[in-house]
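Secondary and tertiary structure notes
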Amino acid sequence: MNDVAEPYMVHHPQEMAGQLINGNWIVARWEHLGENEDLDHWTAILREYCEDLGVDPYVINIPRKSLTIVFNGALPAPTFEQLENSVAAIEYHRFLEREIGPRPLN
């Protein structure tokens, strides 16, 4: 299955690490990385939380799109099509200047 769910915002690195444990992946817009868009600092903090939870994060930076993709290196990687669809969804929201909200509760 190559469908991608509607993107939702996860703010805290501990919650991000928890999503990685569950086999989800992260597409981080650099404008959401915090003050000064400090990618190295954000990545280091995420790696710390991942280490605490035993997650091996695989990080891919896409400078041309100002995005970072992170997935759990110990689990099967998302397919190229899944990543492409995820990036397209994020870019669509960015183009419309639409904020991405929290995960909807079922």
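Our structure's up above, just so we're on the same page.
Every value quoted in this text rests on a predicted model; they were computed, and no experiment measured them. (Residues numbered from 1 in each chain as written. Predicted model: local features only at pLDDT ≥ 70, side-chain atom pairs only at ≥ 80, totals over all residues. Heavy atoms only, no water.)

Moving on, we get to unusual backbone geometry. One non-glycine residue, Ser66, adopts positive backbone phi at about 55°. Along the chain, Ser66 falls in the loop between β2 (57-62) and β3 (67-72). (Helix = DSSP H or I, 4+ residues; strand = E, 2+ residues; numbered from the N terminus.)

Another point: the sheet that holds β3. In spatial order, the strands read β1-β3-β2; together these 3 strands make up an open sheet with antiparallel pairing. Looking along the sheet, the strands with just one partner apiece sit at the ends: β1 (26-29) and β2. Between one strand axis and the next, the sheet turns through 20° on average, direction left out of account. Pairing between β1 and β3: 4 bridges, direction antiparallel. (Pairing = 2+ DSSP bridges. Axes fitted to C-alpha atoms, helices over the stretch in contact; angles between N-to-C directions.)

Moving on to the pattern of salt bridges. For the structure on display, the rule yields 4 salt bridges. The shortest N-O distance in the salt bridge between Glu31 and Arg94 comes to 2.8 Å. You can see Glu31 sitting in the loop between β1 and α2 (39-53) and its partner Arg94 sitting in helix α3 (residues 80-95), a full 63 residues away along the chain. Taking the relative accessible area as the measure of exposure, Glu31 reaches 32% and is therefore partly exposed. Residue class for Arg94 comes out partly exposed when judged on its relative accessible area of 21%. In this structure, Lys65 engages Glu91 in a salt bridge whose closest nitrogen and oxygen atoms are separated by 3.9 Å. (Salt bridge = Lys/Arg side-chain N within 4 Å of Asp/Glu carboxyl O. Buried < 20%, exposed > 50% of the residue type's maximum accessible area, 1.4 Å probe, protein only.)

We now examine a nonpolar patch on the surface. On the surface, a nonpolar cluster with roughly 360 Å² of combined accessible area is contributed by Tyr92, Phe95 and Leu96. Considering the arrangement of structural elements, one finds Leu96 in the segment after α3. Residue classification places Leu96 among the partly exposed positions, given a relative accessible area of 38%. (Patch = residues over 30% accessible without salt bridge, like charges linked within 9 Å, V, L, I, M, F, W, Y side chains within 5 Å. Areas by Shrake-Rupley, 256 points an atom, 1.4 Å probe, with all protein chains shown as cover.)

Turning to the nonpolar core, a few remarks are in order. With 13 residues, the main nonpolar core has Leu20, Ile26, Leu33, Trp42, Leu46, Cys50 and Val70 as its most contacted residues. Of all elements in the fold, only α1 (13-21), β1 and α2 reach the threshold of two or more residues within this core. Of the residues forming this core, the biggest block, 4 residues, is contributed by α2. With 7 residues, the next largest nonpolar core counts Val27, Ile69, Leu83 and Val87 among its residues. (Core = buried A, V, L, I, M, F, W, Y, C linked by side-chain atoms within 4.5 Å.)

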